[in-house]
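Descriptive analysis of the structure
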Amino acid sequence: MGLLVPILLALLASLFGGLYLLGAFRKQRPGEPPLDRGSIPWFGHVLEFRRDTAKFLERMKQKHGDIFTVQLGGYYFTFLMDSLSFGAVVKEARTKLDFTAFAIKLVVRVFSYISMENESKFSHDSNNRHLMGDGLVLLTESMTKNLQNLMLHSAGKGGDQKAWSEDGLFMYSYNIVFRAGYLSLFGNVSSREAGSTEKSFEMDRIQSDELFKEFRKYDQYFPKQAYGVLSPRERIEVKKLLGMLWKMLSLQVLKNKDNPSGWVHELQQTREELGMKEFMQERYMFLILWASQGNTGPAAFWLLLYLMKNPEAMAAVRGEVDRVVKESGQEVVLGGPIVNLTYDMLKKTPILDSALEETLRLSVAPVLTRAVMENMNLKMADGRAYQIRQGDRLSLFPYTVVHIDSEVHPDPLSFKYDRFLNPDGSKKTDFYKNGKKLRYYTMPWGAGVSKCPGRFFAMNEMKQFVFFMIFYFDFELKNPNEEIPDIDVKRWGFGVMQPTRDVGFRYRLRF
Ligand code: HEM
């Protein structure tokens, strides 16, 4: 009996200590946003959040208004659901709201990659040098060559050129855009190694297809991996896939390539010079493959599908493509050279730009998150102010808050290819909420410090793909009446949404 009381007290103390650490006693303090911890200590609302992020956040908004704090897997996240107030998060100083502190932890957990000190500064410099300006022109040229190799390699080579091929539009678009983007960034099989230029083109086609197949398997596990809810069997499978992918991107393989982009070359070189171990550099290579190639293919699918389902939009884009090629002084002649689609030609496509922006509005749904580095005061556009605690997370989910807000974008679930065009054909940027002009009227690329540095290349890649499809192919849906598939709600928060099923289509060379 003498021992029982202290043991019971110790047990109680550790139980309360544990619950305290799990956040079970946190209360809303005066001046803080409404707090909703959820019923399961530590986990909070994570199951409902993961099941359907958009639905969960809308439910919380109905319950608490346009700012609230929820517990998700051990962290407290404050969601700001007022589009007019986004600037308060996007423009806040890094000393208060930091993207890097959040991202470093995420990439350790998901990609087993341990960042170097000052990593974001080095990467930032390389991004600016090679994904914009002159670097972007070179990348775009490579993309044209690689798309030609993947899409048009059989053109003029005899055989039944006019025969239809059938495929799923999602897998076809993802496959081609992923592979062409990968080859443009990571380089081509060297013709010296292959024995001839022709052979190196063929090896590029084969090797990039093998890489895509493994990547796609990994991609399907990605949401579960990011939430840490893989089953033991799936965990083994993902480990195996990552091992294979790291090997396919090993330094030995990369260093033998011709034409690697300045971006990938410099990111790798910097890490090597700073003494990063080779296996860690390979993990980094996979991380940038994932960041650069996981979204453009799925977005290209939605763009082509929306165009195919909207004949008026397709006719407008087709007219623009024909005009741009004609104005470049080129034409397609049977057996003649393939059209050289240049960077400058891609700058003359306002209709395609609007159709692409509309596609991204409907299909891109990231959760944008910052780590709260010190206690801070968040001022909203209407004058309200809230205290946010150090150690919490602050997040935006622009998809429901602005992309499909009917006040900002009327008839928000319909694809309107000219939504982002003024009547005079210039780009439309005036969108309003509560009578006030919105600065952030779509946010597919994020915003502020972490705004996607690859956005210009990404847009060019998708436009080049559509250009080649429209210019060189006849294509149609197998079932023209097929409905546009739903989006897979398990992928909310990770970038471009994917469809719940593929859509059959057929295509054949036009010339
Ligand atoms: C449709 C295609 C793409 C979409 C929708 C997209 C979207 C995004 C978003 C939303 C972010 C910010 C994430 C955050 O704040 O949490 C981001 C970051 C990033 N993106 Fe993209 N992206 C695309 C294509 C690309 C491409 C082609 C590249 C490279 C060539 C790229 C490279 C990056 C990198 C390196 C970051 C991290 C930036 C940082 O750490 O500050 N992305 N992207």
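Quick summary incoming for the structure in this document. (Residues numbered from 1 in each chain as written. Predicted model: local features only at pLDDT ≥ 70, side-chain atom pairs only at ≥ 80, totals over all residues.)

Re the overall build of the protein chain
A count of helices and strands for the protein chain gives 20 helices and 15 strands. Computed over its C-alpha atoms, the radius of gyration of the protein chain comes to 25 Å, within 12% of the 24 Å expected for a compact globule of 511 residues. If you line up the protein chain on its principal axes, its C-alpha atoms span 95 × 55 × 40 Å. Residues counted as buried form 35% of the 511 residues belonging to the protein chain. Across the protein chain, contacts joining residues at least 24 apart in sequence account for 76% of those joining residues at least 6 apart. (Helix = DSSP H or I, 4+ residues; strand = E, 2+ residues; numbered from the N terminus. Rg over C-alpha atoms; globule rule 2.2 N^0.38 Å. Buried ≥ 20, exposed ≤ 12 C-beta atoms within 10 Å, placed from the backbone. Contact = placed C-beta atoms within 7 Å.)

Some details on the nonpolar core
Counting 108 residues, the largest nonpolar core has Leu-303, Met-462 and Val-466 as the members making the most contacts within it. The element contributing the most residues to this core is helix α8 (residues 169-186), with twelve residues. Setting aside residues no more than four positions away along its own chain, Val-466 makes contact with Ala-300, Leu-303, Leu-304 and Leu-352. (Core = buried A, V, L, I, M, F, W, Y, C linked by C-beta atoms within 7 Å.)

What to know about unusual backbone geometry
Of note in the backbone geometry, Ser-112 takes a positive phi value of approximately 55 degrees without being a glycine. Here Ser-112 shows up in the loop between α5 (99-111) and α6 (119-130). Owing to 15 C-beta atoms within 10 Å, Ser-112 belongs among the partly exposed residues under this scheme.

Quick look at the site of the ligand
Contacts to the ligand come from 22 residues, most closely from Ser-292, Gly-446, Ser-450, Cys-452 and Gly-454. Elements represented by at least two residues in the shell around the ligand include exactly α5, α14 (278-293), α15 (296-309) and α20 (455-472). Grouping the amino acids of the shell around the ligand by side-chain chemistry returns 15 nonpolar, seven polar and no charged. (Near = placed C-beta within 6 Å. Nonpolar A, V, L, I, M, F, W, Y, C, P; charged D, E, K, R; others polar.)

Notes on the environment of Glu-210
Considering the arrangement of structural elements, one finds Glu-210 in helix α10 (residues 197-226). By C-beta crowding, Glu-210 is classed as exposed, having 12 other C-beta atoms within 10 Å. In sequence terms Glu-210 and Pro-366 are 156 residues apart; their C-alpha atoms lie 28 Å from each other.

Considerations on the sheet that holds strand β4 (residues 97-98)
Pairing is mixed in the open sheet, where six strands are placed in the order β1-β2-β3-β11-β8-β4. Unpaired on one side and paired on the other, β1 (35-36) and β4 mark the two borders of the sheet. Where β1 lies against strand β2 (residues 67-72), two bridges are found, and the strand directions are parallel. Looking across to β2, one finds that Leu-35 is bridged to Thr-69. Strands β1, β2 and β3 (75-80) of the sheet are contacted by helix α3 (residues 53-64), whose axis makes an angle of about 130 degrees with β2. (Pairing = 2+ DSSP bridges. Axes fitted to C-alpha atoms, helices over the stretch in contact; angles between N-to-C directions.)

Observations regarding the packing of α8 against α20
Packing of α8 against α20 leaves a shortest axis separation of 11 Å and a crossing angle of 125 degrees. Our classification of the angle between α8 and α20 gives oblique. Handedness of the α8/α20 crossing: right-handed. Of the residues in α20, those touching α8 at Ile-176, Val-177 and Gly-181 are Glu-461, Met-462 and Phe-465. Its residues assigned to classes, the contact of α8 with α20 comprises four nonpolar, one polar and one charged. (Parallel < 35°, antiparallel > 145°, perpendicular 65-115°, else oblique. Left-handed = near helix turned anticlockwise from the far one by under 90°.)

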